[in-house]
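Each chain is listed here by its residues.
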Amino acid sequence: MKRIPIAPRDDWQRKVEQWGLLFHTEEAGVYWNESAYYSFTSTEITEIEKATNELHAMCLTAVQHVIDNRRYADLAIPDFVIPAIEATWEQEPPSIYGRFDLAYDGFGPPKLLEYNADTPTSLLEAAVVQWKWLEELYPNADQFNSIWEGLVDLWKEFVRDHHLKGPMVHFAYMDTPEDAMTVAVLRDTAQEAGIPTEALFMGDIGWDSYARYFVDLQDRRMWTVFKLYPWEWLSHEKFARNLLATLDTTQWIEPIWKMILSNKGILAILWELFPSSPYLLPCFLDGPRHLSSYVRKPLLSREGANITLVRPGEELVTDGEYGEEGFVYQDLVKLPDFDGNRPIVGSWVIDAVARGIGIRESDGPVTDNLSRFVPHLSE
């Protein structure tokens, strides 16, 4: 694994905008950073792929463990959603994707930092923009990236096996550029598979109280809804009871059982179940125990918010609004450092299979909403 500095393409801003990446530059600097790329050997890519597939399999085992042993309180999951979690786990409704965030330096095995299993973003950058960058600059190189193909194949499978309800899929999201770009990729891949789609904001979803189903802005019934909106928020909306009562007639993707995996408490449960795994870090629900250096993470948080990083004689705390539900305490792993750039590998899972990676790098030890996306290739 190497970080290779290069000159950005002339007019690169227009080129990435052409493929939908509109917030490539922020006040703090560039978000899409093509002044460098990360290079991996085929052996390193194989190792990341193997780790991702094994981690996903372990996660499914962990979900079954949580359900069998009713460990919902450890994850601060409210009682009223438990029947829906258990029902959807047994029914296996459509589930599409997730992203493992891994610490990896090319020397030791990848280490799981967290699993974004419900609402992962940076999909456009990983699936499309870095691929177009590769095609232009390094057409003879390879890239671990079949994300787009994996999504199209999965949508086609849903159609072929009649897994989707209704005549179209609605895509609901918050009014932010990042969410809009992620939904655009998912809609485009669904449409390539022959599925009609409609997009709307979460706040524009309506409820027909007489017919007892959700409707869009044209008063059409919503049968299958992809929602780029966390279940822990959705389950506390004013219409949550209606949603939970109609899960047998309205599909929501990702399904509600993903509340278990999108909770950082799963990191501690994974460590309990698989303490010999080379891909896991020691992690605990009840405190740091024997760890002298560790990261305290809220059970529910995003973009590096409310992180406390503890080393002997040193403590780093990030701001945020999370932590009310509790925390996990995870062993502190040192990220690779390339002249002050600290990357994290985001490894994408489509239909339970590793399909590609995206790299985000930070100047410090915490990856947050200012962290840069850097393309990669494999030799």
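Residues numbered from 1 in each chain as written. Predicted model: local features only at pLDDT ≥ 70, side-chain atom pairs only at ≥ 80, totals over all residues. Heavy atoms only, no water.

## Topic: the nonpolar core
Note the following rule: Residues grouped as a nonpolar core are buried Ala, Val, Leu, Ile, Met, Phe, Trp, Tyr and Cys residues, joined through side-chain atoms within 4.5 Å. Here's how the labels work: a residue is buried when its accessible area is under 20% of the maximum for its type, exposed when over 50%, partly exposed in between, all with a 1.4 Å probe on protein chains only. What counts as a helix is a DSSP run of H or I of at least four residues, what counts as a strand is a run of E of at least two, and both are numbered from the N terminus. Note on definitions: a residue-residue contact is assigned when non-hydrogen atoms from the two residues lie within 4.5 Å.
Among the nonpolar cores identified, the biggest contains 73 residues, and Phe-40, Ile-85, Leu-243, Trp-252, Ile-256 and Ile-260 are the most heavily contacted of them. Considering every element that reaches this core, the biggest residue donor is helix H2 (residues 42-68), with 10 residues. The residues contacting Trp-252, other than those within four sequence positions of it, are Ile-205, Phe-214, Val-225, Lys-227, Trp-231, Leu-234, Leu-243 and Leu-247. Formed by 40 residues, the second largest nonpolar core is a distinct cluster that contains Phe-23, Leu-123, Val-128 and Leu-186.

## Overview of the sheet that holds strand S5 (residues 97-103)
Put simply, the rule is: Two strands pair if DSSP finds at least two bridges between them. Fitted lines through C-alpha atoms give the axes, limited to the stretch in contact for helices. The angle between two N-to-C directions lies from 0 to 180 degrees.
Read across the sheet, 5 strands follow the order S6-S5-S18-S19-S20 without closing on themselves; strand pairing throughout is antiparallel. Each edge of the sheet is formed by a strand with only one pairing partner; in this case those strands are strand S6 (111-116) and strand S20 (372-374). The average undirected angle you get between the axes of adjacent strands in this sheet is 35°. Two strands pair when backbone bridges link them, and strand S19 (residues 353-362) and S20 are joined in this way by 3 bridges, in the antiparallel orientation.

## Structural notes on the pairing of strand S18 (residues 342-350)
In terms of residue burial, S18 counts as a mostly covered element, since 8 of its 9 residues are buried. In terms of strand pairing, S5 meets S18 through 6 bridges, oriented antiparallel. Residue pairing across strands places Tyr-97 opposite Ile-350, the latter belonging to S18. Pairing between S18 and S19: 9 bridges, direction antiparallel. When the bridges of S19 are listed, Val-345 appears paired with Ile-359. The turn joining S18 and S19, which pair antiparallel and follow one another in sequence, is formed by 2 residues; a positive phi near 55° is taken by Asp-351.

## Considerations on the packing of aromatic side chains
What counts here: Stacked, edge-to-face and tilted labels apply to pairs of Phe, Tyr and Trp rings (six-membered ring for Trp) whose centres lie within 6.5 Å, assigned for plane angles under 30 degrees, over 60, and everything in between, in that order. Working rule: Lys NZ or Arg CZ, within 6 Å of ring centre, within 35 degrees of ring normal, means a charge sits over the ring.
Inspection of every chain in the model, using the stated rule, returns 19 aromatic pairs. Ring centres of Trp-89 and Trp-257 lie 4.9 Å apart, and the angle between their planes is 75°; this geometry places the pair in the edge-to-face category. Of this pair, Trp-89 sits in helix H3 (residues 82-91) while Trp-257 sits in the loop between strand S12 (251-253) and helix H9 (258-261), and the two are 168 residues apart along the sequence. Here Trp-89 matches Trp-257 in class, with each residue buried. Plain terms: the ring middles of Tyr-173 and Phe-201 are 5.3 Å apart, the flat faces sit at 75° to each other, and that makes the pair edge-to-face. Residue Tyr-173 is located in strand S7 (residues 169-173), and its partner Phe-201 is located in strand S8 (residues 197-201); the two are separated by 28 residues in the primary sequence. Taken together, the aromatic side chains of Tyr-97, Trp-155, Phe-158, Phe-171, Phe-226 and Trp-348 make up a single cluster linked through ring pairs. The ring of Trp-19 has Lys-132 lying over it, and the distance from NZ or CZ to the ring centre is 4.2 Å. Between the NZ or CZ atom of Arg-221 and the centre of the ring of Trp-223, over which it lies, the distance is 3.7 Å.

## Describing helix H6 (residues 177-192)
Along an α-helix, residues three or four positions apart point the same way, because every turn accommodates 3.6 residues. How we decide: Expected span of a helix: the number of residues minus one, times 1.5 Å.
For H6, spanning 16 residues, the distance from its first C-alpha to its last is 22 Å, which sits close to the expected 22 Å at 1.5 Å a residue. All of the buried residues along H6 are Asp-179, Met-181, Thr-182, Val-183, Val-185, Leu-186, Thr-189 and Ala-190. In the segment just after H6, Gly-194 is the residue with positive phi, at about 95°.

## A short note on helix H4 (residues 123-137)
Threshold: Across the chain, bend at a residue is computed as the angle between axes fitted to the seven residues ending at that point and the seven starting from it.
For H4, spanning 15 residues, the distance from its first C-alpha to its last is 21 Å, which sits close to the expected 21 Å at 1.5 Å a residue. The largest bend in H4 amounts to roughly 30° and is located at Val-129. For H4, the complete set of buried residues consists of Leu-123, Leu-124, Glu-125, Ala-126, Ala-127, Val-128, Val-129, Gln-130, Trp-133 and Leu-134.

## Remarks on the layout of surface pockets
The following threshold applies: For cavity detection a 1 Å grid was placed over the protein atoms alone, and a set of points counts as a cavity when a 1.4 Å probe fits there but cannot get out; an open set counts as a pocket when protein lies on both sides within 12 Å along at least five of seven lines, with lining residues being those that have an atom within 4 Å of a point. Grid points are joined across faces, edges and corners, and a volume is the space filled by probe spheres set on the points.
Estimates place the volume of the second largest pocket at around 480 Å³. Lining the second largest pocket are 22 residues; nearest its centre among them are Glu-92, Pro-93, Ser-95, Trp-257 and Asp-351. Counting residues per element, the ones that place at least two in the lining of the second largest pocket are H2, H3, S5 and helix H5 (147-160).

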